[in-house]
Each structure stands twice: as structure tokens, then as C-alpha cells.
Amino acid sequence: QYSPDSVAGADGEVDPTEITFPGCSCRRRSCAAPSCSCLRRGHSYSSLCLRLPQQQEQGYSRPVFECNSLCQCSESCQNRVVQRGVQLRLEVFPTDRKGWGVRALEHIPRGRFVCEYAGEVLGFQEAQRRILAQTAEDSNYLLAVREHLHDGRVLETFVDPTRVGNVGRFLNHSCEPNLLMVPVRVDSMVPRLALFAATDISAGEELCFDYSGRFHNVPATSREHKPLEEENRLRKPCYCGSRTCASFLPWDSSLFSTP
């Protein structure tokens, strides 16, 4: 079932459509920092593009909060980007070895929002149940995103577009990706998993992101668990063809562990 936005999973534990953030009181066409309460929380856009970190930058990035349905600014506010959905011409196409893929049909400048990775938003137990029910031959679309806060807390979000999802489910992995995933919050603390162009992208180029969350494959920014030798039987080969290809798709065993 195609859905442009994420929906509550079958477990009903997380509702991504719930509105819990207050709106800003900006009575203007487009909000500006520092007067806007939404923009004061974190990052802002410039000409529909997000300022992305440089490869050498380490440490924490600022969060992104868009204006929401309770805000008094207009629908054309420049702080409303991800919530507008896909605005670019994309194409789903068959690849030689990776199944379906997605490519751009127009030039995409660095920092431009491309699409969201949308699906069912699950709680940990349901996400783990689905992972454990899979066989080695099954396709795994379930994505686990962990945000590491400055105070040591970790926020987890599990999105599964196997049954309900959008064009983002067809994006392939690359060890040298041209997309970067950024959690963007609109109505609540449940993030939208937004994919932005990590570099200028040419028309006809396949769109890929690093499933491990690394930016341009910088090892220092990776939280990926190093698999044990016996776990390699569950890993899937990587066919990205990049110079730094790790041979296997990224691996995180936390959902596979049983009490």
C-alpha cells in the first residue's frame, strides 16, 4: 500500500500523526530565526536546502524542527519542506543485481530534500518480532534509527515499509552514498526520516544512502555493531560497486538478540 507519510504500525505503540508540539505564533508568510519558536529549537533551511555537515566535522548536529499544523505562519513558509513530500521527478527502475532502485530524472543540488523513508512506525518488540520471523531469503526493509543525544540518551525509531510505504523503500544502499538521512520533526518527537542530497546529483544518477547512517563512509561516525563470524551467514552481500565497498550490507544485531 503506497503512503506518502509514515503511519502507526500494527502494534499501535507509536502514532506518527499525533500532534504534541505547540505551534509558533509567527503571523507572517515565512518564519525567520530567532523570532520563530520552531526555528529556535534547531536547524533552518536556506532556499529549500539544508546545511549539511562537512565530511571532517564530528560531534553532534543540530536537530531540525519544521513548522507544524498548529503554527500561525502560512503554508508557504520556508520552514515547511519535508512535510510537503516529494517535489522532484524520480523514477523506480530495475537494476542489474540489486533489485529495484530509484534514480533522479532531474538535477538535484546538494542539501535539497529528495524523499522520506516512510512506512509503519513500530515499537521495539514488534520490530524485533518481525525481524526474527524473517528468513535469509526475505527482503529486509525495516530500518532502525538511533539518535544519540548530548546527555547520553538514545532515541530509537523503527520504520517498516514492507506492507505500507513510499518510494523510499526502493532506495538501495551504497558505501559511498549521494543521499544523507536526517531525522526531521514536524508535529511530535516521532521523526520523519528525511533523505537529502549529500552532493550535487545529476539527472539519471541512481539515488542511494548508507543504511548504517554513516556520512560518506566516515568510520568515526558509525555506531554499527561489528558482527561475529557466525552472524555473517545472516548478512547480505553489497553490490554498490564503490571503491570503499564493505562487501556486506550494514549489520546491527540488536534486533536479532533474544532475552
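Heads up: the structure comes first, above all this text.
This text gives an overview of the structure that appears in the document. Position numbers for residues start from 1 in each chain and track the written sequence from start to end. Note on the predicted model: pLDDT of at least 70 is required for a residue's local features to be given, and 80 or more for side-chain atom pairs to be given and counted; whole-chain, interface and lining totals, by contrast, use all residues. Side-chain numbers come from the whole structure's heavy atoms, not from hydrogens or water.

1. Describing the overall build of the chain
Step number 1: By definition, any uninterrupted DSSP run of H or I lasting at least four residues is a helix, any uninterrupted run of E lasting at least two residues is a strand, and each is numbered from the N terminus. What the chain contains, in helices and strands, is 1 helix and 14 strands.
Step number 2: Burial status across the chain gives 44% buried among its 259 residues.
Step number 3: By sequence separation, contacts in the chain at least 24 residues apart represent 68% of the contacts at least 6 residues apart.
Step number 4: For every accessible area listed, the method is Shrake-Rupley and the probe measures 1.4 Å; residues are considered covered only by the protein chains on display. In the structure as shown, the chain presents an accessible area of about 13700 Å², 49% of it carried by carbon and sulfur atoms. Three exposure classes are used, based on accessible area relative to the maximum for each residue type with a 1.4 Å probe and protein chains only: buried under 20%, partly exposed in between, and exposed over 50%. By the convention used here, residues are in contact when the closest approach between their heavy atoms is within 4.5 Å.

2. Thoughts on the packing of aromatic side chains
Step number 1: Think of it this way: a Phe, Tyr or Trp ring, Trp meaning its six-membered ring, pairs with another when their centres are within 6.5 Å, and the plane angle makes it stacked under 30 degrees, edge-to-face over 60, tilted otherwise. Scanning the model with the defined rule gives 6 aromatic pairs in all.
Step number 2: For the ring pair Tyr117 and Phe209, a centre distance of 6.1 Å and an interplane angle of 70° mean the geometry is edge-to-face. One end of the pair, Tyr117, is in the loop between β7 (113-116) and β8 (120-122); the other, Phe209, is in strand β14 (residues 206-209), and 92 residues separate them in sequence.
Step number 3: A residue is classified by how much of its surface remains accessible, and Tyr117, at 6% relative accessible area, is buried.
Step number 4: To sit over a ring, a charge needs its Lys NZ or Arg CZ within 6 Å of the ring centre and within 35 degrees of the ring normal. Cation over ring: Arg103 sits above Phe93, and NZ or CZ is 4.2 Å from the ring centre.
Step number 5: Residue placement shows Arg169 over the ring face of Tyr141; its charged tip is 4.2 Å from the ring centre.

3. Quick word on the sheet that holds strand β9 (residues 143-148)
Step number 1: Pairing is mixed in the open sheet, where 4 strands are placed in the order β1-β8-β10-β9. At either margin of the open sheet sits one strand with a lone partner, and together these are β1 (7-8) and β9.
Step number 2: Summarising the sheet, β1 and β8 pair through 2 bridges and their orientation is parallel. When the bridges of β8 are listed, Ala8 appears paired with Val121. Here the rule is simple: two strands pair whenever DSSP picks up at least two bridges between them.

4. A few points about the pattern of salt bridges
Step number 1: By salt bridge we mean one thing: a side-chain nitrogen of Lys or Arg within 4 Å of a carboxyl oxygen of Asp or Glu. Under the counting rule described, the total for this entry stands at 12 salt bridges.
Step number 2: For the salt bridge of Arg192 with Asp5, the shortest nitrogen-to-oxygen distance reads 3.3 Å. With Arg192 in strand β13 (residues 192-197) and Asp5 in the segment before β1, this pair connects stretches of sequence that are 187 residues apart.
Step number 3: The class of Asp5 is partly exposed, set by a relative accessible area of 33%.
Step number 4: Salt-bridge contacts for Glu116 lead to Arg192; the nearest nitrogen and oxygen are separated by 3.6 Å. With Glu116 in strand β7 and Arg192 in strand β13, this pair connects stretches of sequence that are 76 residues apart. Here the two residues Glu116 and Arg192 agree in accessibility, since each one is buried.
Step number 5: Each of the salt bridges in this network shares a partner with another, and the network as a whole consists of Glu120, Glu126, Arg129, Arg130 and Asp160.

5. With respect to the side chain of Asn172
Step number 1: Along the chain, Asn172 falls in strand β11 (residues 172-173).
Step number 2: For this analysis, a polar contact is any N or O atom pair within 3.5 Å, provided that within protein one partner can donate a hydrogen and the other can accept it, and provided that sequence-adjacent residues contribute only side-chain to side-chain pairs. Polar side-chain contacts of Asn172 include one of 2.9 Å to the side chain of Glu206.

6. With respect to unusual backbone geometry
Step number 1: With an omega of 5°, the peptide bond running from Ala33 to Pro34 counts as cis.
Step number 2: Note that Pro34 resides in the loop between β1 and β2 (45-46).
Step number 3: The backbone of Ser47 sits at a positive phi, close to 55°, despite the residue not being glycine.
Step number 4: By the secondary structure assignment, Ser47 is in the loop between β2 and β3 (49-50).
Step number 5: The exposed category is assigned to Ser47, whose relative accessible area is 66%.

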